[in-house]
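Working through the structure, step by step
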Amino acid sequence: MEHPVVTLGDTDTAVARGITARRPLDGEEASRPRAVVAFADLRDYSRATGKDRLRALATLAAVETKRHVGVRQVVFAVTLAPRHALAFDRVASALGARVHAELERDNARDVEVTFLDVSECGDVPALTERLLDRCADPVGQHGVVVLDWDDIRDHSIRRAARDQYL
């Protein structure tokens, strides 16, 4: 079942179109989202300003988790310049751990945080499917996960997260 989502950030990018073009299904309440999906196109950012942009999106996502108590997933879909790809895992892991802990503390509920490097994504419909699947995933399985397009190209984010932890 697909759940409504709140979208943030660079929603006019190619990788965001599948989510932002989606309309609520019959009977689906747009006011009860289950996930926040933040898109960040960081190709033209420096390493420092890119981190600042991700922190700002994390702050906006935290506000949305307070406003919408049904939110259980926060997903960051990030497009990077090749020169910043190597630092992404470290930056996203640190920020994800901080965001996850703050959301749990401030909201008194488990909210999972996922960072995806979608720079190499050439299949927007598949990405959209993976993102919507993630929005419906149960919580309490992987607090924070950092993946890239190769990890989820052929299967779900949940499976890629499980494979990463094994």
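In this text the structure is predicted, and so the values were computed from the model without any measurement. Each chain has its residues counted from 1, following the order in which its sequence is written. In keeping with the model being predicted, local features are shown solely for residues with a pLDDT of at least 70 and side-chain atom pairs are shown and tallied solely at 80 or more, while totals for entire chains, interfaces and linings include all residues. Side-chain measures here rest on the full set of heavy atoms in the structure, leaving out hydrogens and waters.

As for the overall build of the chain
Threshold: Only DSSP runs of H or I reaching four residues or more are called helices, and only runs of E reaching two or more are called strands; each is numbered from the N terminus. We call a residue buried when its accessible area falls under 20% of the maximum for its residue type, exposed when it is over 50%, and partly exposed in between, using a 1.4 Å probe and counting protein chains only. Any two residues whose heavy atoms approach within 4.5 Å are treated as being in contact. In short, Shrake-Rupley with a 1.4 Å probe defines the accessible areas, and a residue's cover is counted only from the protein chains shown. His is not counted here, nor are the chain ends, while Lys and Arg score as positive and Asp and Glu score as negative. Positions of charges follow a simple convention, taking NZ of Lys, CZ of Arg, CG of Asp or CD of Glu.
Helix and strand counts for the chain stand at six helices and five strands. Along the chain, helices and strands appear, N-terminal first, in the series β-α-β-α-β-α-β-α-β-α-α. Summarising its shape, the C-alpha atoms of the chain cover approximately 45 × 35 × 35 Å along the three principal directions. Across the 166 residues of the chain, 48% fall into the buried class. For the chain, contacts bridging at least 24 residues in sequence account for 73% of all contacts bridging at least 6. Total accessible area on the chain stands at roughly 8,300 Å², and carbon and sulfur atoms take up 49% of it. Computed over 24 positive and 27 negative side-chain charges, the inter-centroid distance for the chain is 4 Å.

Digging into empty space enclosed by the protein
The gaps of empty space that remain are located by a probe, the size of a water molecule, rolled over the atoms. As a reminder, the rule being used: Buriedness for pockets is judged along seven lines, at least five of which must meet protein on both sides within 12 Å for an open set on the 1 Å grid over protein atoms alone, while cavities are sets there where a 1.4 Å probe fits but cannot get out, and lining residues have an atom within 4 Å of a point. Grid points are joined across faces, edges and corners, and a volume is the space filled by probe spheres set on the points. Three residue categories are used. Nonpolar comprises Ala, Val, Leu, Ile, Met, Phe, Trp, Tyr, Cys and Pro, charged comprises Asp, Glu, Lys and Arg, and polar comprises the others, including Gly.
Under the definition given, this model contains one cavity of 30 Å³ or more. In this structure, the largest cavity spans a volume of roughly 130 Å³. As for the largest cavity, its lining consists of Leu42, Tyr45, Ser46, Arg47, Gly50, Lys51, Leu54, Leu80, His84, Ala87, Phe88 and Val91. Elements represented by at least two residues in the lining of the largest cavity include exactly helix H2 (47–67) and helix H3 (85–107). Looking at the lining of the largest cavity element by element, the count peaks at four residues for H2. Taken together, the residues of the lining of the largest cavity sort by class into seven nonpolar, three polar and two charged.

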